[in-house]
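Fold and geometry: a report
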Amino acid sequence: MLEIAIALILFLLVGFVLGLHVAVVLGTAALVVGLIFIGPIWDFFGHVSWASHSSLTIIVVPLYIMMGEILLRSGMTDDLYETFSKMLSRLPGGLMHTNIFASGVFAAVSGSSVATTSTIGSVAMPAMRKHGYSEKISLGSIASGGTLGVLIPPSIIMIVYGLVAEVSIGQLYIAAIVPGLIMLAAFLGVVAVFSFAAPGRVRHAGGKASLKGLVTGILKILPIVGLIGVVLGSIYTGVATSVEAAAYGVTGAFLIACCKRRASLRMLSETFVSTAVTSCMVILIVVAAFLLQFVLSFVGIPAAISAWVTALGLSQLQLIILLCVVFILLGTVMDGLAIVVATLPIFLPVLVAANVDLVWFGIIVVILVELALITPPVGMNLFVLQGVRQRLAGDGPVGPITDVVLGVLPFLMAMLAVLALIIAFPDIALSLVGSHIK
């Protein structure tokens with residue numbers, strides 16, 4: 001069985017490296033293994049596919065995506081960036097602090113790292129270039145801040161992990177609050193250290209903001225802060241499930257768009273199309289992951305791997321460290337979502353046998369996915385931000401992508417430090433998780 005597992009992993013790696021769609025690679029692997037070791041499996045595939053996407057829980061995928069799409073088109077991004085730049089204008093490296101804060105707040109409503117990086121990058125890069133900031137560290141702050149879209153709820157990766165691992169999405173969201181804030185603080189710390197170490201390479205964003213300007217800016221972003229409070233607060237207090245909270249979020253986002261006079265038939269049409277495209281992509285990947293999970297369990301590969309790992313006599317901590325190393329290595333050649341859906345069916349039985357808390361491990365996985373987003377050579381955020389640079393430059397010269405890579409290195413070190421902290425002290429993630437959360 002271990003030989004089959006190794007061959008399967010190699011097949012998945014080759015498929016991902018060739019750039020094939022994640023769902024195609026997973027589905028093909030499930031089909032080939034199923035036909036070889038089980039026989040005709042069409043009926044099983046039909047039942048598994050239906051069961052995996054007919055659950056009420058999966059509705060959170062399109063709902064949270066729609067909430068982010070509506071807010072993206074409501075103009076809240078510009079308001080966020082403008083307000084934070086005024087609040088932090090007197091700090092050394094003020095605009096880089098603004099990148100992190102704005103990314104954190106936008107991440108809390110978009111749930112997408114790519115959307116956060118692209119949106120904040122489009123607003124931040126012209127401003128930072130205008131004020132003479134070091135381009136490398138500026139790019140690093142934007143790309144790294146964008147990864148908060150994975151960790152700060154609501155997160156699409158968390159939803160996928162919860163569905164595949166059969167863990168409460170509400171509990172994952174609550175568990176991510178403190179680690180998300182710590183990661184945010186770690187990024188701000190990197191900016192602060194750089195600002196003091198190389199003061200000549202950062203600038204103040206401008207003069208002291210007036211009290212009236214600050215109040216006006218805060219009033220502009222109050223709706224989005226309130227919406228975040230409603231979504232997460234309703235889950236934490238037990239007033240709503242994660243599905244109901246997502247519905248509150250969509251309703252609130254639409255009301256904000258209406259109040260800002262951004263709601264229109266064209267805006268709604270663009271929102272629905274974009275939501276449908278993204279949701280179908282995510283759900284197709286989830287279905288393919290469930291198919292692979294079913295086939296592997298039927299054949300007995302996870303049980304064989306679990307027995308092999310158990311025979312190694314690893315402690316729980318050693319097992320977690322080993323899996324972290326595997327995830328980090330895979331992150332250099334695979335997309336984060338692909339890592340989650342491809343490896344969870346194999347590793348879950350091992351984790352269960354070792355009595356690992358799957359909510360805690362879910363936060364660890366999400367941080368590892370964050371790392372994968374800015375880890376060369378295939379870190380998604382690196383390419384997204386380079387694409388934004390090219391779009392903003394037009395026909396002008398554009399620096400190499402190595403500028404982005406060098407810029408994220410200090411933030412990568414900070415992420416590894418936070419990861420070690422979460423592993424060493426699980427209560428950081430689990431302290432807020434209560435049994436009453438649905």
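You'll find the structure just up there.
One structure accompanies this document, and this report is about it. If you're wondering where the values come from, they're calculated on a predicted model, not measured in any experiment.

1. Observations regarding the overall build of the protein
Within the protein one finds 22 helices and zero strands. Counting only residues that meet the buried cut, the protein has 54% of its 438 residues in that class. Partitioning the contacts of the protein with sequence separation of at least 6, the portion at a separation of at least 24 is 79%. Carbon and sulfur atoms make up 71% of the accessible area of the protein, which totals about 18,000 Å².

2. A short note on the side chain of Asn99
Among the secondary structure elements, Asn99 is positioned in helix 6 (residues 94-110). What Asn99 contacts, discounting residues up to four positions off in sequence, is Tyr81, Ile120, Ala124, Met128, Ser138, Ser141 and Ile142.

3. Let's talk about helix 19 (residues 358-373)
Over its 16 residues, helix 19 runs 22 Å from end to end, which matches the ideal 22 Å to within 8%, given 1.5 Å per residue. The element helix 19 is extensively covered by neighbouring structure, given that 16 of its 16 residues are classed as buried. You can read the cap of helix 19 off the contacts: a side-chain oxygen lies 2.9 Å from the backbone nitrogen of Val359, and it is on Asp357.

4. A look at the packing of helix 7 (residues 113-130) against helix 8 (residues 135-146)
Packed helices, taken two at a time, are described by the angle between their axes plus the distance between the axes. Interaxial distance between helix 7 and helix 8 falls to 8 Å at its minimum, and their mutual angle equals 155°. Comparing their axes, helix 8 and helix 7 come out roughly antiparallel. Crossing of helix 7 over helix 8 shows right-handed handedness. Along its contact with helix 7, which presents Ser113, Thr116, Thr117, Gly121, Ala124, Met125, Met128 and Arg129, the element helix 8 presents Glu135, Ser138, Leu139, Ile142, Ala143, Gly145 and Gly146. Residue composition of the contact of helix 7 with helix 8, grouped by class: six nonpolar, seven polar and two charged.

5. Regarding helix 7
For helix 7, spanning 18 residues, the distance from its first C-alpha to its last is 25 Å, which sits close to the expected 26 Å at 1.5 Å a residue. Along its length, helix 7 shows its largest kink, about 35°, at Gly121. Of the positions making up helix 7, those classed as buried are Ser113, Thr116, Thr117, Thr119, Ile120, Gly121, Ala124, Met125 and Met128. Directly beyond the C-terminal end of helix 7, a positive phi value near 75° is found at Gly132.

Reading the values: rules and limits
Residues numbered from 1 in each chain as written. Predicted model: local features only at pLDDT ≥ 70, side-chain atom pairs only at ≥ 80, totals over all residues. Heavy atoms only, no water. Helix = DSSP H or I, 4+ residues; strand = E, 2+ residues; numbered from the N terminus. Buried < 20%, exposed > 50% of the residue type's maximum accessible area, 1.4 Å probe, protein only. Contact = heavy atoms within 4.5 Å. Areas by Shrake-Rupley, 256 points an atom, 1.4 Å probe, with all protein chains shown as cover. Expected span 1.5 Å × (residues − 1). Polar contact = N/O pair within 3.5 Å; in protein donor to acceptor, adjacent residues only side chain to side chain. Axes fitted to C-alpha atoms, helices over the stretch in contact; angles between N-to-C directions. Parallel < 35°, antiparallel > 145°, perpendicular 65-115°, else oblique. Left-handed = near helix turned anticlockwise from the far one by under 90°. Nonpolar A, V, L, I, M, F, W, Y, C, P; charged D, E, K, R; others polar. Bend = angle between axes of the 7 residues up to and from the residue.

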